[in-house]
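Analysis of the macromolecular model
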Amino acid sequence: MQKDYVPILIQVIVSAGFVTCALLFSVILGKVGRRNPTKDTAYECGMIAEPGAQPRFSVKFYLVAMLFILFDIEIVFMYPWAVVYREFVAGTGPIVWTAQAFFQRTAIFWSMLSFVFILTVGYVYAIMKGVLDWKR
């Protein structure tokens, strides 16, 4: 069992050695730059940093980000489910058409359909609230 972990240990040692060598070569061969106040200021996409309050962001940015995460997670759950469901329906051996297999298939299908329905209700709610309306 221990020899199963030897390749992982070798990979960890090699990667740690590579990182150490890269950092050492960077320190040894790199130039030390001169510091000045312009270089020490924060870079804000070419704009001069102004002191004071920052502009306010609309809450819609955060709502759209949360909706994106919600539907992204939906796809993360649906893709493996579809693969497993396809294999389950196709069967891996001789297909036995029993009542139990039929009810298992329909239970799996309806569980995913209820999951999609709940997410669709959330999507319709977001549209009705105007989350995706950028003109407001």
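The rules behind the values
- Residues numbered from 1 in each chain as written.
- Predicted model: local features only at pLDDT ≥ 70, side-chain atom pairs only at ≥ 80, totals over all residues.
- Heavy atoms only, no water.
- Helix = DSSP H or I, 4+ residues; strand = E, 2+ residues; numbered from the N terminus.
- Buried < 20%, exposed > 50% of the residue type's maximum accessible area, 1.4 Å probe, protein only.
- Areas by Shrake-Rupley, 256 points an atom, 1.4 Å probe, with all protein chains shown as cover.
- Contact = heavy atoms within 4.5 Å.
- Expected span 1.5 Å × (residues − 1).
- pLDDT = per-residue confidence, 0-100.
- Phe/Tyr/Trp six-rings, centres within 6.5 Å; stacked < 30°, edge-to-face > 60°.
- Patch = residues over 30% accessible without salt bridge, like charges linked within 9 Å, V, L, I, M, F, W, Y side chains within 5 Å.
- Salt bridge = Lys/Arg side-chain N within 4 Å of Asp/Glu carboxyl O.

1. Side note on the overall build of the protein chain
Tallying secondary structure elements over the protein chain gives four helices and zero strands in all. Listing each helix as α and each strand as β along the protein chain from the N terminus yields α-α-α-α. Burial status across the protein chain gives 8% buried among its 136 residues. Working note: accessible area of the protein chain is about 12700 Å², and carbon and sulfur atoms make up 72% of it.

2. Describing the side chain of Glu74
By the element assignment, Glu74 lies in helix H3 (residues 59-90). Among all residues touching Glu74, those that are not within four sequence positions of it are Phe115, Val116 and Leu119.

3. Details of H3
Owing to its 3.6 residues per turn, the α-helix aligns residues three or four sequence positions apart on the same side. If you check H3, its first and last C-alpha atoms are 47 Å apart, about what 32 residues at 1.5 Å a residue would give, namely 46 Å. Along H3, the residues that are buried comprise Lys60, Leu67, Glu74 and Tyr85. Packing partners of the buried residues in H3 comprise helix H4 (99-129).

4. Focus on the confidence of the model for the protein chain
Of all residues in the protein chain, 88% attain a pLDDT of 70 or more, and the chain-wide mean is 81. Looking over the protein chain, one finds the lowest element-wise mean pLDDT in helix H2 (residues 37-40), namely 75, and the highest in helix H1 (residues 6-29), namely 94.

5. A look at the packing of aromatic side chains
Here the structure, examined in full by the defined rule, presents three aromatic pairs. Between Phe77 and Phe115, the aromatic rings sit 6.3 Å apart at their centres with planes inclined by 85°, giving edge-to-face as the arrangement. Of this pair, Phe77 sits in helix H3 while Phe115 sits in helix H4; the two residues are 38 residues apart in sequence, bridging distant segments of the chain.

6. What about a nonpolar patch on the surface?
Judged by side-chain polarity, Phe57, Val59, Phe61, Tyr62, Met66 and Trp134 come together as a nonpolar surface patch covering roughly 740 Å² of accessible area. Counting through the fold element by element, Val59 comes out in helix H3. Given the relative accessible area of 54%, Val59 is considered exposed.

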